Amino acid sequence: DAGVIQSPRHEVTEMGQEVTLRCKPISGHNSLFWYRQTMMRGLELLIYFNNNVPIDDSGMPEDRFSAKMPNASFSTLKIQPSEPRDSAVYFCASLRMGGATGELFFGEGSRLTVL
Amino acid sequence: RKEVEQDPGPFNVPEGATVAFNCTYSNSASQSFFWYRQDCRKEPKLLMSVYSSGNEDGRFTAQLNRASQYISLLIRDSKLSDSATYLCVVNMGGSNYKLTFGKGTLLTVNP
């Protein structure tokens, strides 16, 4: 079975450029999460969706960040304009609400470097 | 107070040692708790759920103290392969599954 698929795996961009990160959750999962991980702050929850609806975006750092989930099999996280402090690993994760374990499955992450 | 707080670590232990990690959480209404493991430059993966009565999986034991809002993970007879970062996770959102991670504790098991 395919896991959570993220793209790109690595991105290097210059300050001010738009960055779009993509995620395909596991089929049948109805909850999707975006996390950001840095050494200083650890894993921070940015936003999560249940049944494609954003539930809590209080972790989105500022208006430069936006996320969408147009359907059950696709989500994007956009940063516009990007800044060097946005450099981090961005993880997408999904789970099936009501499942036995509540286990969260992560993608391999998108490593973003903003110069 | 941070929502989920863990021992800062790092922990360096010899093979065969017993090591314990602690975690506290701020929301007394939290209902479900987990430990995840993250290997270097990899994604986090579920290690075990934490049940109210405590639970064991081989060399790993997880415990929950609701009164103190405290979770622990005990690793007995540690192996080199246990070297990883251990992340405490708390569901802050009830049925909405707002899964909040601690910063993690790095464990290195030495030969």
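Nothing here was measured: the structure is a model prediction, and the numbers come from that model.

Q: I'm lost on the overall build of chain B in this one. Help?
A: Each helix and strand counted, chain B has 0 helices and 11 strands in total. Mapped from its N terminus to its C terminus, chain B presents α and β elements in the order β-β-β-β-β-β-β-β-β-β-β. Its C-alpha radius of gyration of 13 Å places chain B within 12% of the 13 Å reference for a compact globule of 111 residues. Its C-alpha atoms give chain B principal-axis dimensions of about 40 × 30 × 20 Å. Sequence separation of 24 or more characterises 56% of the internal contacts of chain B that already satisfy a separation of 6 or more. When the accessible surface of chain B is totalled, it reaches about 5,300 Å², and 48% of it is carbon and sulfur. Within chain B, one finds 12 positive and 10 negative side-chain charges whose respective centroids are separated by 5 Å.

Q: It is not clear to me how the layout of surface pockets should be interpreted in this structure. Could you clarify?
A: Gaps between atoms show up when a probe of the same size as a water molecule is rolled over them. As a volume, the largest pocket reaches approximately 950 Å³. Lining the largest pocket are 33 residues, with Gln37(A), Thr38(A), Met39(A), Gln38(B) and Thr85(B) sitting closest to its centre. Elements with a minimum of two residues in the lining of the largest pocket: β4 (31-38), β9 (88-95) and β11 (110-114) of chain A together with β1 (4-6), β9 (84-91) and β11 (105-110) of chain B. Ranked by residues supplied to the lining of the largest pocket, first place goes to β1(B) with 3 residues. Here the residues of the lining of the largest pocket are counted per class, giving 9 nonpolar, 13 polar and 11 charged.

Q: What's the story with the nonpolar core in this structure? I'm lost.
A: Nonpolar side chains tend to gather and get buried jointly when the protein is soluble and globular. Trp35(B), Ile71(B) and Tyr86(B) are the most contacted members of the largest nonpolar core, which has 24 residues in total. Among the secondary structure elements, those contributing two or more residues to this core are β3 (19-25), β4 (32-38), β5 (45-50), β7 (60-65), β8 (70-75), β9 and β11 of chain B. Within the second largest apolar cluster, 21 residues are counted, among which are Val4(A), Ile26(A), Ile47(A) and Ala67(A).

Q: Would you explain the sheet that holds β1(B) in this entry?
A: Hydrogen bonds between backbone atoms are what pair the strands of a sheet, whose relative direction is either parallel or antiparallel. Residue and element names in this part refer to chain B. Read across the sheet, 5 strands follow the order β1-β3-β8-β7-β6 without closing on themselves; strand pairing throughout is antiparallel. Of all the strands in the sheet, just β1 and β6 (55-57) have a single pairing partner and so form its edges. Going across the sheet, the axis of each strand differs from the next one's by a mean of 20 degrees, ignoring polarity. When β1 meets β3, the two strands line up antiparallel, connected through 3 bridges. Paired with Gln6 across the bridge in β3 is Cys23.

Q: Any chance you could explain the interface of chain B and chain A here in plain terms?
A: At the interface, 17 residues of chain B touch 27 residues of chain A. Surface buried jointly by chain B and chain A totals about 1,700 Å² across both partners, of which 54% is contributed by carbon and sulfur atoms. Joining chain B to chain A, the criterion identifies 1 salt bridge. The partner of Asp56(A) in a salt bridge is Lys98(B), and the shortest N-O contact between them spans 2.8 Å. There are 5 residue pairs in polar contact (both at pLDDT 80 or more) connecting chain B and chain A. Where the side of chain B that touches chain A is concerned, the elements lending two or more residues are β4, β5 and β10 (99-101) of chain B. Broken down by element, the side of chain B that touches chain A gets its largest block of residues, 3 residues, from β4(B). A per-class count over the side of chain B that touches chain A returns 8 nonpolar, 4 polar and 5 charged.

Conventions adopted
- Residues numbered from 1 in each chain as written.
- Chains lettered and ligands numbered in written order.
- Predicted model: local features only at pLDDT ≥ 70, side-chain atom pairs only at ≥ 80, totals over all residues.
- Heavy atoms only, no water.
- Helix = DSSP H or I, 4+ residues; strand = E, 2+ residues; numbered from the N terminus.
- Rg over C-alpha atoms; globule rule 2.2 N^0.38 Å.
- Contact = heavy atoms within 4.5 Å.
- Areas by Shrake-Rupley, 256 points an atom, 1.4 Å probe, with all protein chains shown as cover.
- Lys, Arg positive; Asp, Glu negative; His and termini not counted.
- Charge placed at Lys NZ, Arg CZ, Asp CG, Glu CD.
- 1 Å grid on protein atoms, 1.4 Å probe; cavity = no way out; pocket = protein on both sides within 12 Å on 5 of 7 lines; lining within 4 Å.
- Points joined across faces, edges and corners; volume = space filled by probe spheres on them.
- Nonpolar A, V, L, I, M, F, W, Y, C, P; charged D, E, K, R; others polar.
- Core = buried A, V, L, I, M, F, W, Y, C linked by side-chain atoms within 4.5 Å.
- Buried < 20%, exposed > 50% of the residue type's maximum accessible area, 1.4 Å probe, protein only.
- Pairing = 2+ DSSP bridges.
- Axes fitted to C-alpha atoms, helices over the stretch in contact; angles between N-to-C directions.
- Buried area = accessible area lost by both parts, 1.4 Å probe.
- Salt bridge = Lys/Arg side-chain N within 4 Å of Asp/Glu carboxyl O.
- Polar contact = N/O pair within 3.5 Å; in protein donor to acceptor, adjacent residues only side chain to side chain.

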